[in-house]
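Residue-level structure breakdown
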Amino acid sequence: MTTAVRPQMAVCPGCVAAPNGAVDDAPTEARLALSLPTIHCQACISTVERGLNAQPGVRSARVNLTLKRALIEADPDMKAADLIPVLEGLGFEAHELDIAALSATETDKAGRELLMRLAVAGFAAMNVMLLSVSVWSGASDATRDLFHWISAAITFPAILFSAQPFFRNAWQALRVKRLNMDVPIVLALVLTLVTSLWETSLSGEHAYFDAALTLTFLLLAGRYLDHRTRAVARSAAEELAALEVPRALRLDDGGEPAEVAVGDLAVGDHILVRPGGRMPVDGQVVEGQSELDRSLLTGETLPVFAEAGSVVSAGEVNLTGPLVIKATAVGKESSLHQLADLVAIAESGRSRYTSLADRAAKLYAPGVHILSALAFLGWYLFTFDMRVALNIAAAVLIITCPCALGLAVPAVTTAASGRLFKRGMLIKDATALERLAEVDTVVFDKTGTLTNGTPQADDFSALSPQDQQLAYALARGSDHPLSVAICNAAEAANVAPAPVTELREIPGFGTEAMHDGTRVRLGRAAWVGAEAGSKTAAFLDRGDGAAQSITFSDSLRPGAAEAVSALLEAGKEVWLISGDTDGAVGDLAQRLGITNWVSSALPQDKSARIMALSEAGQHVLMVGDGLNDTAALAAAHVSISPASALDAARVASDIVLLGQDLSPIAEACSVAQKATRRISENFRIATLYNVIAVPLAVAGLATPFVAALAMSTSSITVSLNALRLR
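To keep things clear, this report deals only with the structure shown in the data block. Remember, it's a predicted structure, so these values are computed and weren't measured experimentally.

1. Concerning the overall build of the chain
If you tally the helices and strands in the chain, you get 26 helices and 26 strands. Burial status across the chain gives 55% buried among its 726 residues. In the chain, 71% of the contacts between residues at least 6 apart in sequence involve partners at least 24 apart. When the accessible surface of the chain is summed, it comes to about 30,100 Å², and 57% of that surface belongs to carbon and sulfur atoms.

Given below as structure tokens:
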């Protein structure tokens, strides 16, 4: 039972079926995916993409930093094995990506390893600090040397284990004659250890093992915070691919169903889809009548009537009656697969966003190397004392070590995320807050996002008591959402059902029964001989030829009106884009004061609208909850999904709204702007620290230990500034 039939869903050009036999043609391109576990900044993305795009046969290559993978479109004879050596030559570890093997377990493993290295560095640093206290307190000669050697015995294995991520990334860069942020870190550690060991072997007063461990601990803390913000971001394309039906019932020449793998289906095959089954391919109904759940592609929860000639898409659910469909697009040509591709491309495009930290660090590594080398050369030529020159070079490297820079963003992100978490918002992506601060346009989905997605009967109370009882009796014979809404309204009003017999549901039309010797019906307008209006409605035929309408509307989610009002007051442009009908979308837009709205939008329409707004220079926040929203969520500058959203939508989004209330969305934009200001302040603090400390180190007024204390002070200052967000 539904209202007036909504317009049939159009088929995107990419999903239009090829002529019979086209599926047997050779593929025109290969799609390859490579895992790149060692990339960690914008420079890595640029290097990989340039290297891949320069290879003959590669048509395009996109790198997703969050997922650490490359998506490549190439000639059909191109294999992943041909490209892995190219990436290894550029200094990056690469593996062919097996989507089925990806899981959160690997991400958790990486997080546990980082946490273990952090714990080892912290524990070793505490022990060496205790030994250093004795030296600072006046221990001398043999006692001091003994404590230095014990410190060395603790420090070397601890550094070798804990600092492996920095050593590994620095080596990958250096062996292909490239610099990254880990190279100065490794040089600082090596110089500090060598200088300390040299001082210890010569019975010197100073050793800097505690400085090396403190440096490692602080850097690992920043790296772990950054890892945690990325850990929950998985690919929405994988979630969509998981919805593809593995097997289907194909009808043979005699009309008998036989179970086959979906990969064996071809254009033109006739397929039986039983009630409750998901469409395995795109096609056209050739036999049967039923209702379809198209929420996968339209986001709307109300079923749509389907009969011979209706177009269906892969992923839709058959609800009430068996259908025989003729396949028009299979495999990679199906709409579900096209949607997964659209999401993957959008995710890769969004990963090109360069964070403030990446932009600030672009010239940092070469500058640090040059400064340290000049300090070493200058002091060696001035004193001809290798020991003094090395000490000063190590002090310069330590004092300029990017601890504060490495903590500037993760510390603020963690503080802001904690504040928003208390308001019911979970930040998933490391750069989400930076992007959210730039938002000037907000696009909302309708059903399940601004509304609850469950219809309620608006005028049930206006019916006569007899009509209420009859409608309740007929509605009890169906699980259709509109029938459920009528039952809820009747039960709330303490209405008793009228006595009926021979109650049955007609798939795709409604329910009918006998009442006082008269056949009565509740269902679609055309079925009961009524004229459909613009609003969602069911019609009650009492057998006298005059059908009575019962209209429905979708209730607003808590805080929806407040969120829209606050965003408009903040000067942001607000859009409503939905797959629902003109009447339903227009009515909701009017209720909320939204002037820009689009109805009957398919997934590709939503994504295209987001891209058009982005190309016009706008920074778009997309708020949606359905699988049909995943491409738009991934294509937007930043995105939010409610916790009630489907898995793929939550995965595709940057922020998850944990509660039902939408009002924190406007606050999140404000907090994001404050967080961005804090990040900028942290960079200014780090810059001021370098302006003051670096000349002292170059002038030889700071030992490596003093440099480590100064570096630690700057890191603590950055962290305390970030905590102001709480």
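Let's pick the thread back up.
2. Observations regarding the packing of aromatic side chains
Summed over all chains, the structure comprises six aromatic pairs. Consider the rings of Phe376 and Tyr380, whose centres lie 6.2 Å apart with planes at 10 degrees: the pair is stacked. Within this pair, Phe376 and its partner Tyr380 are both found in helix 12 (residues 364-383), separated by four residues, close to a single helical turn. Classification of Tyr380 as partly exposed rests on a relative accessible area of 29%. A ring pair is formed by Phe509 and Trp527, whose centres lie 6.1 Å apart and whose planes are at 40 degrees; its orientation type is tilted. Of this pair, Phe509 sits in the loop between strand 17 (501-506) and strand 18 (510-515) while Trp527 sits in helix 19 (residues 525-528), and the two are 18 residues apart along the sequence. With respect to burial, Phe509 and Trp527 carry one shared label: buried. Cluster of aromatic residues (ring-pair linked, three or more members): Phe305, Phe509 and Trp527. It is Arg476 that lies over the ring of Tyr472; its NZ or CZ is 5.5 Å from the centre.

3. Topic: the sheet that holds strand 21 (residues 548-556)
What the six strands build is an open sheet, ordered 16-21-20-19-18-17; its pairing is antiparallel. The sheet is open, and its two borders are formed by strand 16 (451-457) and strand 17, each paired with just one other strand. Averaged over all neighbouring strand pairs, the angle between strand axes comes to 20 degrees, with direction disregarded. Note that strand 17 and strand 18 share four bridges and pair antiparallel. Residue pairing for strand 18: Glu505 is matched across the bridge by Thr511. Sitting on the sheet, helix 18 (residues 481-492) touches strand 16, strand 19 (518-523), strand 20 (537-541) and strand 21, and the angle it makes with strand 16 is about 60 degrees.

4. Section: the pattern of salt bridges
Side chains that differ in charge, positive against negative, can pair when their charged atoms come close. Following the criterion strictly, the structure yields eleven salt bridges and no others. Among the salt bridges present, the one from Asp269 reaches Arg250, with a minimum N-O distance of 3.4 Å. Within this pair, whereas Asp269 is found in the loop between strand 6 (257-261) and strand 7 (270-273), its partner Arg250 is found in strand 5 (residues 247-251), the two being separated by 19 residues in sequence. Between Glu512 and Arg504 there is a salt bridge, with the nearest N and O atoms lying 2.7 Å from each other. Taking the relative accessible area as the measure of exposure, Glu512 reaches 2% and is therefore buried. Salt bridges here are not isolated pairs; linked through shared partners, they connect Arg504, Glu512, Arg519 and Arg521.

5. Let's talk about the nonpolar core
Ile159, Phe166, Leu189, Leu213 and Ile399 are the most contacted members of the largest nonpolar core, which totals 44 residues. Those elements that provide at least two residues to this core are helix 3 (104-136), helix 4 (141-162), helix 5 (164-174), helix 6 (182-201), helix 7 (209-231), helix 12, helix 13 (386-399) and helix 25 (664-698). For this core, the element with the highest residue contribution is helix 13, accounting for nine residues. Counting 43 residues, the second-largest nonpolar core is a separate cluster that includes Leu420, Val439, Ala560 and Cys669.

6. Concerning helix 13
Under the 1.5 Å per step criterion, the end-to-end length of helix 13 is 20 Å for 14 residues, consistent within 8% with the ideal 20 Å. All buried positions along helix 13 are accounted for by Ala389, Leu390, Asn391, Ile392, Ala393, Ala394, Ala395, Val396, Leu397, Ile398 and Ile399.

7. Points about helix 5
Of all the positions in helix 5, only Pro165, Phe166, Asn169, Ala170, Gln172 and Ala173 are classed as buried. Down the axis of helix 5, the buried side of the element spans an arc of 160 degrees, and every buried residue falls inside it.

8. Here's the deal with the pairing of strand 19
Two elements, strand 18 and strand 19, share six bridges in a ladder whose sense is antiparallel. Counterpart to Gly510 in the pairing with strand 19 is Gly523. The turn linking strand 18 back onto strand 19 is made up of two residues, and Asp516 within it adopts a positive phi angle of 55 degrees. Across three bridges, strand 19 lies against strand 20 in antiparallel orientation.

9. Section: the pairing of strand 24 (residues 620-623)
Neither face of strand 24 is left uncovered, since the one carrying Val620 and Met622 and the one carrying Leu621 and Val623 both have all their residues buried. The pairing of strand 24 with strand 25 (residues 638-642) spans three bridges and is parallel. Its bridge partner being in strand 25, Val623 is matched across the sheet by Ile640.

10. Regarding unusual backbone geometry
One non-glycine residue, Asn494, lies in the positive phi region at around 55 degrees. Judged by its relative accessible area of 71%, Asn494 falls in the exposed class. At Glu502, a residue that is not glycine, the phi angle is positive and equals roughly 55 degrees. Looking at the element boundaries, Glu502 is found in strand 17.

11. Some points on the sheet that holds strand 24
The strand order across the open sheet built from seven strands is 14-26-25-24-15-22-23, with neighbouring strands paired in mixed fashion. Edge positions in the sheet fall to strand 14 (425-427) and strand 23 (596-598), since each has one partner strand and no second. Strand-to-strand, the axes of this sheet are offset by a mean angle of 20 degrees, without reference to chain direction.

12. What about the side chain of Glu199?
Along the polypeptide, Glu199 turns up in helix 6. The class of Glu199 is buried, set by a relative accessible area of 7%. Other than its neighbours up to four places away in sequence, Glu199 contacts Gly204, Glu205, His206, Arg387 and Asn391.

13. Quick notes on a nonpolar patch on the surface
A cluster of nonpolar residues, Leu688, Val691, Ile692, Leu696 and Leu701, forms a patch on the protein surface that exposes about 510 Å² of accessible area. Secondary-structure assignment places Val691 in helix 25. Since its relative accessible area comes to 55%, Val691 is described here as exposed.

14. Digging into the packing of helix 5 against helix 6
The interhelical angle for the contact between helix 5 and helix 6, taken along N-to-C directions, is 120 degrees, at an axis separation of 8 Å. With respect to their mutual orientation, helix 5 and helix 6 come out oblique. In this structure, helix 5 crosses over helix 6, and the sense of that crossing is left-handed. Judged by residue contacts, Pro165, Phe166, Phe167, Asn169, Ala170 and Leu174 of helix 5 engage Asp182, Val183, Ile185, Val186 and Val190 from helix 6.

15. As for the environment of Phe460
Take Phe460: it is sitting in the loop between strand 16 and helix 17 (465-475). With a relative accessible area of 3%, Phe460 lands in the buried category. In sequence terms Phe460 and Ala471 are eleven residues apart; their C-alpha atoms lie 9.2 Å from each other.

16. Notes on the environment of Thr581
Its place among the elements puts Thr581 in the loop between strand 22 (573-577) and helix 21 (582-592). Residues Thr581 and Ser599, spaced 18 residues apart in sequence, show a C-alpha to C-alpha distance of 5.7 Å.

Reading the values: the criteria
Residues numbered from 1 in each chain as written. Predicted model: local features only at pLDDT ≥ 70, side-chain atom pairs only at ≥ 80, totals over all residues. Heavy atoms only, no water. Helix = DSSP H or I, 4+ residues; strand = E, 2+ residues; numbered from the N terminus. Buried < 20%, exposed > 50% of the residue type's maximum accessible area, 1.4 Å probe, protein only. Contact = heavy atoms within 4.5 Å. Areas by Shrake-Rupley, 256 points an atom, 1.4 Å probe, with all protein chains shown as cover. Phe/Tyr/Trp six-rings, centres within 6.5 Å; stacked < 30°, edge-to-face > 60°. Lys NZ or Arg CZ within 6 Å of the ring centre and 35° of its normal. Pairing = 2+ DSSP bridges. Axes fitted to C-alpha atoms, helices over the stretch in contact; angles between N-to-C directions. Salt bridge = Lys/Arg side-chain N within 4 Å of Asp/Glu carboxyl O. Core = buried A, V, L, I, M, F, W, Y, C linked by side-chain atoms within 4.5 Å. Expected span 1.5 Å × (residues − 1). Arc of directions from axis to C-beta. Patch = residues over 30% accessible without salt bridge, like charges linked within 9 Å, V, L, I, M, F, W, Y side chains within 5 Å. Parallel < 35°, antiparallel > 145°, perpendicular 65-115°, else oblique. Left-handed = near helix turned anticlockwise from the far one by under 90°.

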